[in-house]
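Okay, here's what each chain looks like letter by letter:
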Amino acid sequence: MSARRPLPRWADVALLPLLNLGLAMIVSGFVVAAIGQSPLQAIQVMIKGAFGDGVGIGFTLYYATDFIFTGLAVAVAAHAGLFNIGGDGQAYVAGIGALAAGMLLGNTHWLLVLPVATLFAAAVGAAWVFIPAYLQAKRGSHVVITTIMFNFIGSALMIYLLNGPLKGKGTQGAESAAVTGAGLMPHLQAFVPAFGYAPVNVSLFVALLALVACYVLVWHTRFGYAMRAMGHNAAATRYAGISNSKMIITILLISGGFAGITAVNEVLGSQTRLVTDITGQAGFIGIAVALMGRNHPVGILLAAVLFGALTQGGTELQFDMPAVSVQMILVIQALVIMFTGAMEGLLRPGLENVFMIFGPRQRETAVSRETATTES
Amino acid sequence: MAAASAWAIELRKINKRFGPVHANRDIDLKVKRGTIHGIVGENGAGKSTLMSILYGFYTADSGEILVNGALAHITDSRHALRLGIGMVHQHFMLVDNFSILENVILGAEESALLASSLNKARKELKRLADEYGFHVDPEAIVEDVSVGQQQRVEILKALYRGADILILDEPTGVLTPEEADDLFRVLHVLRDQGKTVILITHKLREIMAITDTVSVMRQGQMVATMPTAETSPEKLAEAMVGRRVLLRVEKGPAHPGKPLLEVKDLVVADDLKVNRVKGVSFTVRAGEIVGIAGVAGNGQSELLESIAGMRNQQSGDVIVNGSTLTLKGDDGAARARAAGLAHVPEDRQREGLVVQFEEWENSILGYQDDAAYAKGGLLDIAAARKEALQRMQKFDVRPANPRLKTASFSGGNQQKIVLAREMEHNPAVLVVGQPTRGVDIGAIEFIHNQIIKMRDAGKAILLISVELDEIRSLSDRILVMFDGHIVGEADPATATEGELGLMMAGVPPAEVIGRRVSADMTPNGGNP
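Residues numbered from 1 in each chain as written. Chains lettered and ligands numbered in written order. Predicted model: local features only at pLDDT ≥ 70, side-chain atom pairs only at ≥ 80, totals over all residues.

Engineer: I'm lost on the overall build of chain B in this one. Help?
Structural biologist: When you go through chain B residue by residue, the secondary structure sums to 18 helices and 22 strands. Reported as C-alpha extents along the three principal axes, the dimensions of chain B are approximately 75 × 55 × 50 Å. Relative to its full complement of 528 residues, chain B shows a buried share of 47%. Counting only contacts in chain B whose residues sit at least 6 apart along the sequence, the fraction spanning at least 24 positions is 65%. (Helix = DSSP H or I, 4+ residues; strand = E, 2+ residues; numbered from the N terminus. Buried ≥ 20, exposed ≤ 12 C-beta atoms within 10 Å, placed from the backbone. Contact = placed C-beta atoms within 7 Å.)

This is the structure we're talking about:
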């Protein structure tokens, strides 16, 4: 019975996420106040840490690079009605691809390494989602279950590899040998000195390109058309002669590919080697990024920067306000994810009502929709 | 006012606006006690709004409602029930995994412990069943019984709550012809027992068959009320649409040419691997319309889906324009289209359209890989939109705006979008399922004419419909399907509805002719 009252586009894309973010901040403020700290000071520290100087911005962008890739991975699949929850595992295993490119081409030029590493990492990320994709397409095994299982398998595999075949000579921990020379991605500090020691590197440009590629793919190609059609109505794509099983496999491979490129930023851009848990949960944050960004490249860019800032600001918070522990920062980040992602619908009905009351145009469309459905 | 009490319902100058939409405008309506009163009108004419006001879902902006001669301000559906008004919705409001008995008492339990309510209800149900002659098993689980039975449960629910006036909203939309006939029998009994029935429908045949009085609504107004005996389907259609409508399809004789669609020994299984088409062979020639008649669920849907490449065959062949279709994998529909077959699916919203898409996006569905929409590796959106607009104008789709969400078009316009897409690709073979299901009368005429035009242009057309009238008026040959087999062929010019009905029940044509059936199968025909 409840008719959807459509929000104007600007409210849907901008106002609602901002309100959700504000709400998350207020609740986080209560949490900080509850441990006897000043919420205002905390938020000041976070904002200053994330955007206050070149280094802060550099770190924010470095984290955002990860989140753009993992957010795109979730968004591409979501357009086709698929939920790839295994971006984290795909990015982790893809570290092998990035490492291989860095090692093999260490004597050439980063301009060669960057595209090759991107391709390798994407290929390994895609390979890691192939089995879940195949099972979903041919056997109907739900991809949410299988991809999350593959996160654990991937993690175990990487721990084995980093303690065995891939373990670097003379290294102490579970890590590969270091990539050197041209195998590493130049940091942007070389172009913008203000970034200082922040690890933001040229893979940021790959991320921006990936956003554009995703936009073209989804809205301007026949494949993207078929993908969106399947996402809305899989019976209609069957009717249209589009092979749903091939679509499912291809889309998940693309999704896994996007997730995989995350490894370039980490292995060759920041860590200079393959280490355990290289993604730092970026795969999961990608889900929140895609949700908050409405699966649209522009939204994903903004959401990725926001989550990058939260990660960076949270780190600063630990330094400046030692009473706010690591766990507390996780709580704050979780609150933001919860309000902007999972509980996105919390404020929507209320906001829709507000627009209903104050916007005559919204009222008209809502009424005509409601009449249209009851008169059928 | 003794005279007033002859009216079960009296509405005076009812007005209801939704923003700019004047859904009901000065509606006057009198419904006599103990009659079946039909209300017809196209989608959006305001029938459902009016009934919702009567049932307390909406309150009228102005106007008076009199129930049994007394002024009533109906505020909600409980209030309506207290006044003896019960409603049977188009979409049933039943709990599927409850028994019929549990569904009947739901919301009318009298104590915290169920046993006493259930016992009382069981007795009451038995009394109602005896009184009105319709039998249901009170202990049966709702999801296990047929749709017709479920509808009876809805009626029983209303009667159990003491309804004297029953409102039925499009009650036959989900029923097979037999179930509809059963429903009409039940409604006759209810009327004869003194109940008042208000029947909302857009099917003129039903109005003519069972109502005593009929009211016509158009664009929010009540345009006519008359005794059913004094009107005709043509007059009603004219009143509904506001112009003369041809109910009978006008077409010349067919000139069949070479075979364009050949089906040979086709066996098709449903999703549960049960064979639903059990060895069917037939040919459709250029320039003819072959109709497949049958009670829903006798394999027609699976046959249609298989021919269109959406369902793989177990054995047998489908030959389109000389090339045998390879029906395997889940993209058979693309190969069927490549061979020259266009398909208007039975369920346009579930299969034929992506209703969340803008109209132009649906205008290329199934043809998205055509060179006409390709620009380099990309989709030529401008070309697709331009073509969509042209088609919308040609097929009179309203509003003719390719950027609108498909869901916001009416059923008839959605169907025109599908038809335009499939017909404009100039296929050799057109297979059409339920071309006019849920479509307004004005649009039906248009759609039928388009199908005839395709035939006259030398296309082979296979038509599947549960509307026997439609099959009879459009087809040049009729094949009757029963239990996955083709029972026989009939000539629409000579076969009576009764003969077709017998064949639809599985009686072979030789026997049908032998019986020389003359009885009409209209719902009244069954009653003495």
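Engineer: Can you walk me through the overall build of chain A in this structure?
Structural biologist: What chain A contains, in helices and strands, is 15 helices and zero strands. Seen along its three principal axes, the alpha-carbon backbone of chain A occupies a region of about 75 × 60 × 35 Å. Across the 376 residues of chain A, 50% fall into the buried class.

Engineer: When you look at the domain arrangement of chain A in this model, what are you seeing that I'm missing?
Structural biologist: A common way to report how large an interface is uses the accessible area buried once the components associate. Residue and element names in this part refer to chain A. Along its sequence, chain A is carved into domain 1 (1-37 + 323-376) and domain 2 (56-311). Relative to domain 2, the C-alpha centre of domain 1 lies at a distance of 29 Å. Contact residues are listed per partner, giving eight residues for domain 1 and seven residues for domain 2. Elements with a contribution of two residues or more to the side of domain 1 that touches domain 2: helix H1 (9-34) and helix H13 (326-342). Tallying contributions element by element places H13 first for the side of domain 1 that touches domain 2, with five residues. (Domains from an automatic or database assignment.)

Engineer: Even after reading the chapter, I still don't get the pairing of strand E10 (residues 221-227) of chain B, so can you show me in this structure?
Structural biologist: In regular strands, side chains alternate between the two faces of the sheet. Residues and elements named next belong to chain B. In the sheet, strand E9 (residues 213-218) pairs with E10 via six bridges, with the strands oriented antiparallel. Looking at the pairing, Ser215 lines up with Thr225 of E10. Adjacent in sequence and paired antiparallel, E9 and E10 are bridged by two residues, among which Gln219 carries a positive phi angle near 50°. (Pairing = 2+ DSSP bridges.)

Engineer: Mind showing me how you'd approach unusual backbone geometry here?
Structural biologist: The phi torsion of most residues other than glycine is negative, and most of the peptide bonds are trans. A cis amide bond, omega -10°, links Arg398 of chain B with the succeeding residue Pro399 of chain B. For Asn295 of chain A, which is not glycine, the phi dihedral falls at a positive 60°. Secondary-structure assignment places Asn295 of chain A in the loop between helix H11 (282-292) and helix H12 (297-320).

Engineer: Teacher, can you tell me more about the packing of helix H4 (residues 87-104) of chain A against helix H10 (residues 244-271) of chain A here?
Structural biologist: Between two packed helices, the angle of one axis relative to the other and the distance separating the axes together describe the packing. All names here are of chain A. Contact geometry for H4 and H10: axes closest at 6 Å, N-to-C directions at 55°. With respect to H10, the axis of H4 lies oblique. Once H4 is placed against H10, the crossing between them reads as right-handed. Taken together, the residues of H10 that come into contact with H4 (itself represented by Gly87, Gln90, Ala91, Ala94, Gly95, Gly97, Ala98, Leu99 and Gly102) are Gly256, Ala259, Gly260, Thr262, Ala263, Val264, Glu266, Val267 and Leu268. (Axes fitted to C-alpha atoms, helices over the stretch in contact; angles between N-to-C directions. Parallel < 35°, antiparallel > 145°, perpendicular 65-115°, else oblique. Left-handed = near helix turned anticlockwise from the far one by under 90°.)

Engineer: In this structure, what is going on with the interface of chain B and chain A? I would like to understand it.
Structural biologist: On the side of chain A, 26 residues touch chain B, which itself brings 35 residues to the contact. Among the secondary structure elements, those contributing two or more residues to the side of chain B that touches chain A are strand E2 (21-32), helix H1 (47-54), helix H10 (332-338), helix H11 (348-352) and strand E18 (378-379) of chain B. Here the side of chain B that touches chain A is built from residues that sort into 14 nonpolar, 14 polar and seven charged. (Nonpolar A, V, L, I, M, F, W, Y, C, P; charged D, E, K, R; others polar.)

Engineer: Would you explain the confidence of the model for chain B in this entry?
Structural biologist: Detailed reading of the predicted coordinates is not advisable wherever pLDDT falls low. Residues and elements named next belong to chain B. Looking at chain B as a whole, its pLDDT mean stands at 87, while 95% of the residues score no less than 70. Contacts from residues 517-528, a stretch scored under 50 in pLDDT, to residues over four places away or in other chains number 22 contacts. In the predicted complex, the global pTM is 0.80; the interface-specific ipTM is 0.83. (pLDDT = per-residue confidence, 0-100.)

Engineer: Whenever I open this one, the packing of helix H3 (residues 54-79) of chain A against H12 of chain A confuses me. Can you help?
Structural biologist: All names here are of chain A. One way to put it is that H3 packs onto H12 with a least axis distance of 7 Å and a crossing angle of 130°. When the axis of H3 is compared with that of H12, the two are oblique. Crossing handedness for the pair H3 and H12: right-handed. Taking contact as the criterion, the partners of Gly56, Phe59, Thr60, Leu61, Tyr63, Ala64, Phe67, Ile68, Gly71, Leu72 and Ala75 in H3 are, on H12, Ile300, Leu301, Ala303, Ala304, Val305, Phe307, Gly308, Ala309, Thr311 and Gln312. Residues of the contact of H3 with H12, tallied by class, amount to 15 nonpolar, six polar and no charged.

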